[in-house]
Amino acid sequence: EWSDDGMSYRLKLGDIEPGKQYGLSVNPGLRSKSGGITIDKIDKTLSSRGSVAVVEVSPTGAELTQARQQIAITFNQPVDRSSAESAFSISSGRVTGTSWDGNTMKITVVDLGYQRHVRVGLAAGIRPSGFGLLGRAWGYSFTTEVPIVKLTVPYYRQVYAQSCEAASVRMALAYRGIGSSDWDILQKFGYNPTHKNQETNTWEDPQKQFVGDVNGSQSEGTGWGVFAEPVAAAVRSYGRQASSHYGISAQFLAQQLHNDRPVVLWGIWGSSAQIQTWTTTNGGTASGPFPMHVRLVVGVKGSVENPLGFYVHDPITGSAYWSTAQLMSNTQKAGPANQAVVIY
């Protein structure tokens, strides 16, 4: 049928199927009343409404707030709302409400959980509200925020060349409201400075006391350090609880920090160390890395199960963020000094 002004010609098509394409052609030679004529053939394609599909979604991205999110899914056509709602699934969180704005379904989800890879899905079979085809299965994902725990531990530099253990303990005690000094803490480790006997390869036992002179040199065998047991005992002498641990994992460290406990962690200085063994003055043997270094771990980024990195007070270089791989590599290179003291 023609429009009243003769400008438009409308065709009604019957037996249209959903999800199909139909060709339409206008041959040349069509004349206007004023004498114009079409020269070229005009070919067009008409597409009928097809399958239900998603055309827009939010939110997307990484480290989204885990407490509450509104998942908004916009369809390409009006849909049967009950079939869409029943097709919805989410891998984490709790659905608290559903609403609609035109072709957009909005679902509120709470308590998604920290550091989660959240998968949102729609099962196949969402029905169009009228003419059209059923929707196919669809999904997308986003990640929630990463928890961060940073204990408000004051930072102190080590006073002496080899007092990294004492400085780390000093910082941890200050976090618990106890003031002390590198020197006083050193005395509680047990301090009787001696140089290594290079001829007999004899030195003190780091599980009994501080080994060497706190102002000495590790490379020259005049000063070294102390292991976990004397450090834990020194902490307990201040009225705080402390425990020694060996073979430290990232998950162990993360758990302590989530429990509000700073950790004195042994490692090495630099990128590599040599493990040396010597005879102790009490007739035993001791082994440890040269050069050895001790730091205080004061925070973690990530969950207990999957820590991404740690916040560290280094008594020499200052406060820094270490990836989990960096920190674990450092302490593992310490060999027998892969130790820690947890301070409660």
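Provided above is the structure to which this section pertains.
Bear in mind that the values here come from a model prediction, so they are computed numbers and not experimental data.

S.K.: Give a description of the overall build of the protein chain that names residues and reports values.
M.R.: When helices and strands are tallied, the protein chain shows six helices and 19 strands. For the protein chain, whose C-alpha radius of gyration is 36 Å, the value lies well above the compact-globule estimate of 20 Å for 344 residues. For the C-alpha atoms alone, the extent of the protein chain along its principal axes is close to 115 × 45 × 30 Å. The buried share among the 344 residues of the protein chain stands at 44%. Taken as a whole, the protein chain presents about 17,200 Å² of accessible surface, with 47% of it coming from carbon and sulfur. Once the 29 positive and 26 negative side-chain charges of the protein chain are each reduced to a mean point, those two points are 6 Å apart.

S.K.: Can you lay out the nonpolar core for me, pointing to particular residues and giving the numbers?
M.R.: Judged by nonpolar contacts, the single largest core of 60 residues is most densely connected at Phe189, Trp266, Phe310, Leu327 and Val341. Per element, the largest residue contribution to this core is seven residues, and it comes from helix H2 (residues 164-175). If near-sequence neighbours (up to four positions away) are discounted, Val341 is found in contact with Ala228, Val231, Ala232, Ala242, Ser243, Ser244, Pro262, Val263, Val264 and Trp266. Val52, Ile90, Val109 and Leu122 belong to the second largest nonpolar core, which has 21 residues in total.

S.K.: Break down the environment of Gly113 for me, citing the residues and quoting the values.
M.R.: You can see Gly113 is positioned in the loop between strand E7 (104-110) and strand E8 (117-122). Looking at Gly113, the relative accessible area reads 12%, which means it is buried. Expressed as a C-alpha distance, the spacing of Gly113 and Ala67, which sit 46 residues apart in the sequence, is 7.4 Å. In contact with Gly113, not counting residues within four places along its chain, are Gln66, Ser92 and Thr144.

S.K.: Any details on the pattern of salt bridges? Residues and values, ideally.
M.R.: Enumeration over the complete set of coordinates arrives at six salt bridges. Of the charged contacts, one joins Asp111 and Arg94 as a salt bridge, the two residues approaching to 3.3 Å between their closest N and O atoms. Of this pair, Asp111 sits in the loop between E7 and E8 while Arg94 sits in strand E6 (residues 94-101), and the two are 17 residues apart along the sequence. For Asp111, a relative accessible area of 47% gives the class partly exposed.

S.K.: Account for the environment of Val120, with residues named and values stated.
M.R.: As for its position among the elements, Val120 is in strand E8. Residues Val120 and Val294 lie 174 residues apart in sequence; the distance between their C-alpha atoms is 45 Å. Aside from chain neighbours lying at most four places away, what touches Val120 is Ile71, Ile73, Phe88, Ser89, Ile90, Trp138, Gly139, Tyr140 and Phe142.

S.K.: Summarise the packing of H2 against helix H3 (residues 182-189); cite the residues concerned and give the values.
M.R.: The description of two helices packed together rests on the angle between their axes and the distance between the axes. The geometry of H2 relative to H3 is characterised by a closest axis approach of 9 Å and an angle of 110° between their N-to-C directions. What the angle tells us is that H2 and H3 run roughly perpendicular. The segment H2 lies against H3, with Glu165, Ala166, Ala167, Val169, Arg170 and Leu173 engaging Asp182, Ile185, Leu186 and Phe189. Taken together, the residues of the contact of H2 with H3 break down into seven nonpolar, no polar and three charged.

S.K.: Please give an account of the pairing of strand E16 (residues 292-302) that cites residues and values.
M.R.: In terms of burial, E16 is largely enclosed, as ten of its eleven residues are buried. As defined by bridge partners, strand E10 (residues 148-150) adjoins E16 across three bridges and the pair is classed as antiparallel. Bridging from a neighbouring strand, Ile148 pairs with Lys301 of E16. In the sheet, strand E13 (residues 263-268) pairs with E16 via six bridges, with the strands oriented antiparallel. Each bridged residue has a counterpart across the sheet, and for Trp266 the counterpart in E16 is Val294. Sheet analysis places E16 next to strand E17 (residues 307-314), joined by six bridges and oriented antiparallel. Across the sheet, residue Leu296 finds its bridge partner in E17, namely His313. Between E16 and E17, which pair antiparallel one after the other, the connecting turn spans four residues.

S.K.: Please give an account of the layout of surface pockets that cites residues and values.
M.R.: In this structure, the largest pocket encloses a volume near 460 Å³. Forming the walls of the largest pocket are 13 residues, and the residues nearest its centre are Trp2, Gly6, Met7, Tyr9 and Leu30.

S.K.: Residues and numbers for the sheet that holds strand E14 (residues 274-280), please.
M.R.: Taken in spatial order, the three strands of this open sheet run E11-E14-E15, and their pairing is mixed. One side of each edge strand has no neighbouring strand; the edge strands of this open sheet are strand E11 (202-203) and strand E15 (285-290). Pairing of E11 with E14, which is carried by two bridges, proceeds in the parallel orientation. Bridge pairing links Trp203 to Thr280 in E14.

S.K.: Outline the side chain of Ser180, supporting the account with residue identities and numerical values.
M.R.: Mapped onto the elements, Ser180 comes out in the loop between H2 and H3. Polar contacts involving the side chain of Ser180 include one to the side chain of Tyr238, which spans 2.6 Å. Apart from the residues within four sequence positions on either side, Ser180 is in contact with Arg170, Ile185 and Tyr238.

Criteria and thresholds
- Residues numbered from 1 in each chain as written.
- Predicted model: local features only at pLDDT ≥ 70, side-chain atom pairs only at ≥ 80, totals over all residues.
- Heavy atoms only, no water.
- Helix = DSSP H or I, 4+ residues; strand = E, 2+ residues; numbered from the N terminus.
- Rg over C-alpha atoms; globule rule 2.2 N^0.38 Å.
- Buried < 20%, exposed > 50% of the residue type's maximum accessible area, 1.4 Å probe, protein only.
- Areas by Shrake-Rupley, 256 points an atom, 1.4 Å probe, with all protein chains shown as cover.
- Lys, Arg positive; Asp, Glu negative; His and termini not counted.
- Charge placed at Lys NZ, Arg CZ, Asp CG, Glu CD.
- Core = buried A, V, L, I, M, F, W, Y, C linked by side-chain atoms within 4.5 Å.
- Contact = heavy atoms within 4.5 Å.
- Salt bridge = Lys/Arg side-chain N within 4 Å of Asp/Glu carboxyl O.
- Axes fitted to C-alpha atoms, helices over the stretch in contact; angles between N-to-C directions.
- Parallel < 35°, antiparallel > 145°, perpendicular 65-115°, else oblique.
- Nonpolar A, V, L, I, M, F, W, Y, C, P; charged D, E, K, R; others polar.
- Pairing = 2+ DSSP bridges.
- 1 Å grid on protein atoms, 1.4 Å probe; cavity = no way out; pocket = protein on both sides within 12 Å on 5 of 7 lines; lining within 4 Å.
- Points joined across faces, edges and corners; volume = space filled by probe spheres on them.
- Polar contact = N/O pair within 3.5 Å; in protein donor to acceptor, adjacent residues only side chain to side chain.

Geometric descriptors of this kind do not, in isolation, establish any biological role.
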